[in-house]
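What follows is the residue order along each chain.
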Amino acid sequence: MNRAYISLGSNIGDRLHYLQQAVQLLTVTEGIHVNQVSSVYETDPVGYVDQAAFLNMVVELETLLTPHELLKKCNEIETELGRMRTIHWGPRTLDLDILLYNEENVNTKDLIIPHPRMAERGFVLIPLVELNSDLVDPLNKQSLSKLAHIQKEGVHLWRTFDGVDAFVLFES
Ligand SMILES: Nc1ncnc2c1ncn2[C@@H]1O[C@H](COP(=O)(O)OP(=O)(O)OP(=O)(O)O)[C@@H](O)[C@H]1O
Ligand SMILES: Nc1nc2c(c(=O)[nH]1)N=C(CO)CN2
């Protein structure tokens, strides 16, 4: 079984609903078991800054899917939840990024793992290390917890989901 981490982000419409729907769709996918769900954070937009605040979170999966099968599934879920690609780094109903897949390095035209901009993004690192504080960047073996501590600006805890209770809270 492989362990993967996926980052989720939304800054249009009912942001929490999009995150909930995405977690639900991952949960019902054959070959994916959602192991852990982070808290939800409200985060200042990074990159293209003239847009609404995001909600971001991270999920830990156990999966039988290969990295490319997982990417395909993530793209399908984005499309199902109404994602349209307009402005680069711009507003989106839902964005799913594969952060880590075991400790593998993948470098292909359409998929790079670890996610190339992960280490500079507090909105990714903080929910990620909430789930696993021992993670290291497979490329340079840097501690992701240490990186998260210097990337806290603009990332605010919005709603706590406590491990396995997350799904109960999601339904409330
Ligand atoms: N680790 C990865 N996870 C998800 N997509 C990836 C990854 N590596 C490469 N990609 C490619 O990136 C493409 C564009 O992704 P997308 O439009 O979501 O970028 P973005 O979210 O605007 O920016 P960013 O990649 O900086 O988060 C995807 O279609 C996919 O092929
Ligand atoms: N706070 C925040 N900023 C972003 C995000 C995101 O998910 N959260 N996603 C981006 C493109 O993937 C660009 N900027």
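Above this text sits the structure in question.
All values derive from a computational prediction rather than experimental measurement.

**Brief notes about the overall build of the chain**
Scanning the chain from terminus to terminus reveals five helices and eight strands. The buried share of the chain, taken over its 172 residues, is 49%. Pairs at least 24 residues apart make up 70% of the contacts formed inside the chain by residues separated by at least 6 positions. Of the accessible surface of the chain, which amounts to about 8,900 Å², a share of 52% is contributed by carbon and sulfur atoms.

**Comments concerning the side chain of aspartate 97**
Within the secondary structure layout, aspartate 97 lies in strand β5 (residues 95-101). One buried charged side chain, aspartate 97, makes no salt bridge at all; its nearest oppositely charged neighbour is arginine 121, positioned 4.2 Å away. Excluding residues that lie within four positions of it along the chain, aspartate 97 makes contacts with Tyr5, Ile6, Ser7, His115 and Arg121.

**Points about the packing of aromatic side chains**
Applying the stated criterion across every chain yields a total of zero aromatic pairs. The ring of tryptophan 158 carries arginine 15 above its face, with NZ or CZ at 5.9 Å from the centroid.

**Here's the deal with the nonpolar core**
Within the largest apolar cluster, 29 residues are counted, with the highest numbers of intra-cluster contacts made by Ile6, Leu8, Met57, Val59, Leu70, Leu96 and Ile98. Counting residues per element, the ones that place at least two in this core are β1 (2-10), α1 (15-27), β2 (32-37), β4 (54-63), α2 (67-80) and β5. Broken down by element, this core gets its largest block of residues, five residues, from α1. Among all residues touching leucine 96, those that are not within four sequence positions of it are Ile6, Ser7, Leu8, Ala22, Cys74, Ile77 and Glu78. Core analysis: the next-biggest nonpolar cluster, separate from the first, contains 18 residues, Tyr41, Leu99, Phe123 and Leu147 among them.

Basis of the calculations
Residues numbered from 1 in each chain as written. Chains lettered and ligands numbered in written order. Predicted model: local features only at pLDDT ≥ 70, side-chain atom pairs only at ≥ 80, totals over all residues. Heavy atoms only, no water. Helix = DSSP H or I, 4+ residues; strand = E, 2+ residues; numbered from the N terminus. Buried < 20%, exposed > 50% of the residue type's maximum accessible area, 1.4 Å probe, protein only. Contact = heavy atoms within 4.5 Å. Areas by Shrake-Rupley, 256 points an atom, 1.4 Å probe, with all protein chains shown as cover. Lys, Arg positive; Asp, Glu negative; His and termini not counted. Salt bridge = Lys/Arg side-chain N within 4 Å of Asp/Glu carboxyl O. Phe/Tyr/Trp six-rings, centres within 6.5 Å; stacked < 30°, edge-to-face > 60°. Lys NZ or Arg CZ within 6 Å of the ring centre and 35° of its normal. Core = buried A, V, L, I, M, F, W, Y, C linked by side-chain atoms within 4.5 Å.

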